[in-house]
Amino acid sequence: MDGIGGLRGWQWIFCLEGIAIVLVALFSFFYMQEYPETAKFLTEPERLFVIDVLKQDSNHLSSRFDTQFSIFVKSI
């Protein structure tokens, strides 16, 4: 492809990679689901399993973020 469209071969590599990234991003934007409750590709047992795992995982999150963040803001 060297010389086509006035671009060198290495420039075409960057253009083609960029096009691929944009296509994957557009596909992901419209296909990916925000929540397991709205995912059409999950069966009901899979959906319940994912929701349960997310609930268990969220139990380990810090609940003191607001307090720590307010201390940080006051120190600025």
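It should be noted that the structure appears before, not after, this text.
Residues numbered from 1 in each chain as written. Predicted model: local features only at pLDDT ≥ 70, side-chain atom pairs only at ≥ 80, totals over all residues. Heavy atoms only, no water.

**A closer look at the overall build of the chain**
Short version of the rule: The secondary structure listing takes helices from DSSP runs of H or I that are at least 4 residues long and strands from runs of E that are at least 2 residues long, numbered from the N terminus. The rule is simple: take the accessible area with a 1.4 Å probe, protein chains only, and divide by the maximum for that residue type; under 20% is buried, over 50% is exposed, in between is partly exposed. All accessible areas in this document rest on Shrake-Rupley with a 1.4 Å probe, and a residue is counted as covered only by the protein chains that are shown.
Within the chain one finds three helices and zero strands. For the chain, the N- to C-terminal ordering of α and β elements is α-α-α. Taken across its 76 residues, the chain has 8% of its residues classed as buried. In the form shown here, the chain has an accessible surface area of approximately 7100 Å², with 68% of it arising from carbon and sulfur atoms.

**Observations regarding the side chain of arginine 47**
Tracing the backbone through its elements, the reader meets arginine 47 in helix α2 (residues 44-58). Owing to a relative accessible area of 15%, arginine 47 belongs among the buried residues under this scheme.

**Focus on the packing of aromatic side chains**
Two aromatic rings are characterised by how far apart their centres lie and by the angle between their planes. We count it as follows: Here the aromatic set is Phe, Tyr and Trp, taking the six-membered ring for Trp, and pairing holds for ring centres within 6.5 Å; pairs whose planes are under 30 degrees apart are stacked, those over 60 apart are edge-to-face, and all others are tilted.
Under the definition given, this model contains four aromatic pairs. Centre to centre, the rings of tryptophan 10 and phenylalanine 14 are 6.1 Å apart; their planes meet at 90°, and the pair counts as edge-to-face. In this pair, tryptophan 10 and phenylalanine 14 both sit in helix α1 (residues 9-31), four residues apart, roughly one turn of the helix. Tryptophan 10 gets classed as exposed once you look at its relative accessible area, which sits at 53%. Ring geometry for phenylalanine 27 and tyrosine 31: centres 5.2 Å apart, planes at 15°, overall stacked. A residue pair is termed a helical-turn pair when its members lie 3 or 4 positions apart in one helix, as phenylalanine 27 and tyrosine 31 do in helix α1 at four residues. Tyrosine 31 gets classed as partly exposed once you look at its relative accessible area, which sits at 46%. Three or more aromatic residues joined by ring pairs form one cluster here, namely Phe27, Tyr31 and Phe41.

**Remarks on the pattern of salt bridges**
What counts is decided by this rule: We define a salt bridge as a contact between a side-chain nitrogen of Lys or Arg and a carboxyl oxygen of Asp or Glu at a distance within 4 Å.
Enumeration according to the criterion identifies one salt bridge in this entry. Where glutamate 44 meets arginine 47, a salt bridge forms, and the shortest distance between an N and an O atom there is 2.9 Å. You can see glutamate 44 and its partner arginine 47 sitting in helix α2, three residues apart, about one turn around the helix.

Everything listed here is a matter of coordinates, which is why it stays silent on function.
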